[in-house]
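Chain and residue survey
Take a look at the letters that make up each chain.
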Amino acid sequence: MRKVTFTYKNGRERMLSARDAELLQRLGKGTHLTRDMAAASPVVAAVSAAPNEDVDLDALDGEALHALARELGVKVHHKAGADKVRAALREATE
């Protein structure tokens, strides 16, 4: 079963089977694109820091903080905010 992203007229997106998305499109409820036709997500550059380098944690955004935590082996929840990740990284370096 092939999944596609169906976009309702109000902007809401939902993953549906291709058959269901085609049916909703015929009814005029919105449009659908296959995953092959959708634009690729942008590539995010990971922040690389050696253990002996000092990194200004306040200057990094949430994605960079999560990448740094993964690299250093600090476990944080994937939906944790930037402040919680900064606190976990500071606690791990103490």
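Residues numbered from 1 in each chain as written. Predicted model: local features only at pLDDT ≥ 70, side-chain atom pairs only at ≥ 80, totals over all residues. Heavy atoms only, no water.

What follows deals with the pairing of strand S2 (residues 13–17). Note that strand S1 (residues 3–8) and S2 share five bridges and pair antiparallel. Residue pairing for S2: Val-4 is matched across the bridge by Leu-16. Counted between consecutive antiparallel strands, the loop separating S1 from S2 contains four residues, among which Gly-11 sits at a positive phi close to 100°. (Pairing = 2+ DSSP bridges. Helix = DSSP H or I, 4+ residues; strand = E, 2+ residues; numbered from the N terminus.)

One can find His-32 in strand S3 (residues 30–34). Of note is the side chain of His-32, whose polar atom sits 2.6 Å from the side chain of Gln-25. Beyond its immediate stretch of four places on either side in the chain, His-32 contacts Val-4, Thr-5, Phe-6, Ala-21, Glu-22 and Gln-25. (Polar contact = N/O pair within 3.5 Å; in protein donor to acceptor, adjacent residues only side chain to side chain. Contact = heavy atoms within 4.5 Å.)

Under the criterion given, the structure shown has five salt bridges. Of the charged contacts, one joins Arg-86 and Asp-58 as a salt bridge, the two residues approaching to 3.8 Å between their closest N and O atoms. Here the residue Arg-86 occupies a position in helix H3 (residues 82–93), and Asp-58 occupies one in the loop between S3 and helix H2 (62–72), the gap between them amounting to 28 residues. The class of Arg-86 is buried, set by a relative accessible area of 12%. (Salt bridge = Lys/Arg side-chain N within 4 Å of Asp/Glu carboxyl O. Buried < 20%, exposed > 50% of the residue type's maximum accessible area, 1.4 Å probe, protein only.)

This part takes up the nonpolar core. Ranked by size, the top nonpolar core spans 10 residues in total: Leu-57, Leu-60, Ala-64, Leu-65, Leu-68, Ala-69, Val-74, Ala-80, Val-85 and Leu-89. Sorting the residues of this core by element identifies H2 and H3 as the ones contributing at least two each. At four residues, the largest contribution of residues to this core is made by H2. Membership of the second largest hydrophobic core comes to six residues, among which are Val-4, Tyr-8, Leu-16 and Ala-21. (Core = buried A, V, L, I, M, F, W, Y, C linked by side-chain atoms within 4.5 Å.)

Within H2, the full set of buried residues consists of Ala-64, Leu-65, His-66, Ala-67, Leu-68 and Ala-69. Considering only its buried residues, H2 is in contact with H3. With its phi angle positive at about 80°, Gly-73 sits one or two positions after the end of H2.

With that settled, consider the packing of H2 against H3. Running from N to C, H2 and H3 point in directions that differ by 30°, and their axes come no closer than 9 Å. One finds that H2 runs roughly parallel with respect to H3. Crossing of H2 against H3: the hand is left-handed. Seen from H2, the contacting residues are Gly-62, Leu-65, His-66, Leu-68, Ala-69 and Leu-72; seen from H3, they are Ala-82, Val-85, Arg-86 and Leu-89. Residues of the contact of H2 with H3, tallied by class, amount to seven nonpolar, two polar and one charged. (Axes fitted to C-alpha atoms, helices over the stretch in contact; angles between N-to-C directions. Parallel < 35°, antiparallel > 145°, perpendicular 65-115°, else oblique. Left-handed = near helix turned anticlockwise from the far one by under 90°. Nonpolar A, V, L, I, M, F, W, Y, C, P; charged D, E, K, R; others polar.)

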